[in-house]
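Coordinate analysis (summary)
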Amino acid sequence: MRHFLTLADLSTEEILYLLELARDLRSEWRLGGNRPLLAGKCLAMIFQKPSLRTRVSFERAMHHLGGLAMYLSPQEIRLGERESVADVARVLSRYVDAIMARVFAHAHIEELAANATVPVINGLSDKFHPCQALADFFTIWDRFGALRGINLAYVGDGNNVAHSLLIGAAKLGVNIAVATPPGYEPAPDVVALARASAQATGATVQLLHSPQEAVRGANVVYTDVWASMGQEAEAEERRKVFAPYQVNQALVSLAKPDAIVMHCLPAHRGEEITDEVIDGPQSAVYDQAENRLHAQKALLVWLCAQCR
Ligand code: CP
Ligand code: NVA
């Protein structure tokens, strides 16, 4: 049974296959066609945290593919509280063809996968956000017509989004430079995993503290919120620490002239990114958000090919 808990679960060839499938599905959809590739199939969506993009894009993706998506709110499931994570996985596997879950502890998504008899998709955990990264590399490939040799600068917190970008970049031959304040670097095990993958593709993986150094010569400048969901109590302190890491026009001007700016959203405008940049001509953020839909359709079709 294949799951999608991190991009490390897929080979480089499998990721590239998904990007091509996403492009085909997007072209068909833009011409007004839906492909009922998942007719009669059902996706259960467990949420322990809020969501706009993940919930709506997965629900719409299943609809485009002729299937059904079922939203299960934090109050309904109370994963690991009302009943064990393993029992939730076992019971849902009797009803549905795939499970997507947004959780706090990454161990919970691993436990779901270990006990489910249907594919499990990580819709964000405290450690990874692979659906976002899949859509992000689709967006970069779409804009530049290539991935290998592209320079991606990530500026901000070494969080779940940074982790998934590190793994994906290394696997796809994208050079990645991550600039964080000291003490907010990506997790060492993720960096080690990325560096191991990078050996095969020739990608460079750099950890820096200078946003200017990271961005110089970049094709893509990427940022995310300074305090992720679950870190609200640290928001005030983080606003001070991260202030020099704001993606503003002065920083973006150090990147290549045709560089694009990315953000997974939701954005805290005026904090990690300025209005001028997110609303400016170099911003790719709304294409990025749309591409969640197409990348996830490809993922669902690929994973459900193993469904009964
Ligand atoms: N980027 C993203 O995952 O957005 P949501 O939190 O709204 O799903
Ligand atoms: N790092 C952010 C991403 C939101 C999509 C968070 O986890 O809240």
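Because the structure is a prediction, the values reported are computed rather than measured.

**As for the overall build of the protein**
Helix and strand counts for the protein stand at 13 helices and nine strands. A compact globule built from 308 residues would reach a C-alpha radius of gyration of about 19 Å, and the protein, at 19 Å, matches this within 12%. Based on the C-alpha atoms only, the size of the protein along its principal axes is roughly 55 × 45 × 35 Å. Long-range pairs, those at least 24 residues apart, make up 76% of the contacts in the protein with a sequence separation of at least 6. Looking at the protein as shown, the accessible area adds up to about 12400 Å², and 52% of this sits on carbon and sulfur atoms. If you average the places of the 29 positive and of the 34 negative side-chain charges in the protein, the two averages end up 5 Å apart.

**Quick notes on the sheet that holds strand β4 (residues 120-122)**
The strand order across the open sheet formed by four strands is β2-β1-β3-β4, and the pairing between neighbours is parallel. Looking at which strands have only one partner, the edges of the open sheet turn out to be β2 (68-72) and β4. Adjacent strand axes in the sheet meet at a mean angle of 20° when their direction is disregarded.

**Description of the packing of helix α1 (residues 12-30) against helix α13 (residues 285-304)**
Contact pair α1 / α13: the axes reach a minimum separation of 8 Å and the direction vectors enclose 115°. With respect to the hand of their crossing, α1 and α13 are arranged in right-handed fashion. Packed against α1, whose contacting residues are Glu 14, Tyr 17, Leu 18, Leu 21, Ala 22, Leu 25, Arg 26, Trp 29 and Arg 30, the element α13 presents Glu 290, Asn 291, Leu 293, His 294, Ala 295, Lys 297, Ala 298, Leu 299, Val 301 and Trp 302 at the interface. Taken together, the residues that form the contact of α1 with α13 break down as twelve nonpolar, two polar and five charged.

**With respect to the nonpolar core**
With 67 residues, the main nonpolar core has Phe 4, Ile 121, Leu 134, Phe 137, Leu 165, Leu 299 and Leu 300 as its most contacted residues. For this core, the element with the most residues is α13, which contributes nine residues. Leu 165 has contacts with Ala 133, Asp 136, Phe 137, Leu 152, Tyr 154, Ile 176 and Tyr 222, leaving out every residue within four places of it along the chain.

**Things to note about the sheet that holds strand β6 (residues 175-179)**
Taken together, five strands build an open sheet; the order of strands is β7-β6-β5-β8-β9 and the sheet is parallel. Looking at which strands have only one partner, the edges of the open sheet turn out to be β7 (205-208) and β9 (260-263). Across the sheet, the mean angle from the axis of one strand to that of its neighbour is 20°, orientation sign disregarded.

**Points about the side chain of Gln 296**
Considering the arrangement of structural elements, one finds Gln 296 in helix α13. At a separation of 2.9 Å, a polar atom in the side chain of Gln 296 contacts the side chain of Ser 57. One polar contact links Gln 296 to Arg 292, side chain to side chain, over a distance of 2.7 Å. Dropping the residues within four chain positions of it, Gln 296 is found in contact with Ser 57, Phe 58 and Cys 131.

**Regarding the packing of helix α7 (residues 160-172) against helix α8 (residues 188-201)**
Contact geometry of α7 with α8 gives a least axis separation of 7 Å together with a crossing angle of 15°. With respect to α8, the element α7 is oriented roughly parallel. Every pair of crossing elements has a handedness; the one defined by α7 and α8 is left-handed. Facing His 163, Leu 166, Ile 167, Ala 170 and Lys 171 of α7, the residues of α8 in contact are Val 190, Val 191, Leu 193, Ala 194, Ser 197, Ala 198 and Thr 201. Looking at the contact of α7 with α8 residue by residue, the classes come out as eight nonpolar, three polar and one charged.

**What to know about the environment of Gln 249**
Tracing the backbone through its elements, the reader meets Gln 249 in helix α11 (residues 249-252). Since its relative accessible area comes to 29%, Gln 249 is described here as partly exposed. Each C-alpha atom, one on Gln 249 and one on Ala 116, is 47 Å from the other, the two residues being 133 residues apart in sequence.

**Describing the site of ligand 2**
Surrounding ligand 2, one finds Leu 124, His 129, Asn 159, Asn 160, Val 161, Asp 224, Val 225, Ser 228, Met 229 and Leu 265. In this structure, an oxygen atom belonging to ligand 2 sits 2.8 Å away from a side-chain N or O atom of Asn 160. The contact in question runs from an oxygen atom of ligand 2 to an N or O atom on the backbone of Met 229, over 2.8 Å. If ligand 2 stood free it would expose 270 Å²; the protein chains cover 95% of that surface. Looking at the shell around ligand 2 residue by residue, the class counts come to five nonpolar, four polar and one charged.

Procedures and definitions
Residues numbered from 1 in each chain as written. Chains lettered and ligands numbered in written order. Predicted model: local features only at pLDDT ≥ 70, side-chain atom pairs only at ≥ 80, totals over all residues. Heavy atoms only, no water. Helix = DSSP H or I, 4+ residues; strand = E, 2+ residues; numbered from the N terminus. Rg over C-alpha atoms; globule rule 2.2 N^0.38 Å. Contact = heavy atoms within 4.5 Å. Areas by Shrake-Rupley, 256 points an atom, 1.4 Å probe, with all protein chains shown as cover. Lys, Arg positive; Asp, Glu negative; His and termini not counted. Charge placed at Lys NZ, Arg CZ, Asp CG, Glu CD. Pairing = 2+ DSSP bridges. Axes fitted to C-alpha atoms, helices over the stretch in contact; angles between N-to-C directions. Left-handed = near helix turned anticlockwise from the far one by under 90°. Nonpolar A, V, L, I, M, F, W, Y, C, P; charged D, E, K, R; others polar. Core = buried A, V, L, I, M, F, W, Y, C linked by side-chain atoms within 4.5 Å. Buried < 20%, exposed > 50% of the residue type's maximum accessible area, 1.4 Å probe, protein only. Polar contact = N/O pair within 3.5 Å; in protein donor to acceptor, adjacent residues only side chain to side chain. Parallel < 35°, antiparallel > 145°, perpendicular 65-115°, else oblique. Near = heavy atom within 4 Å.

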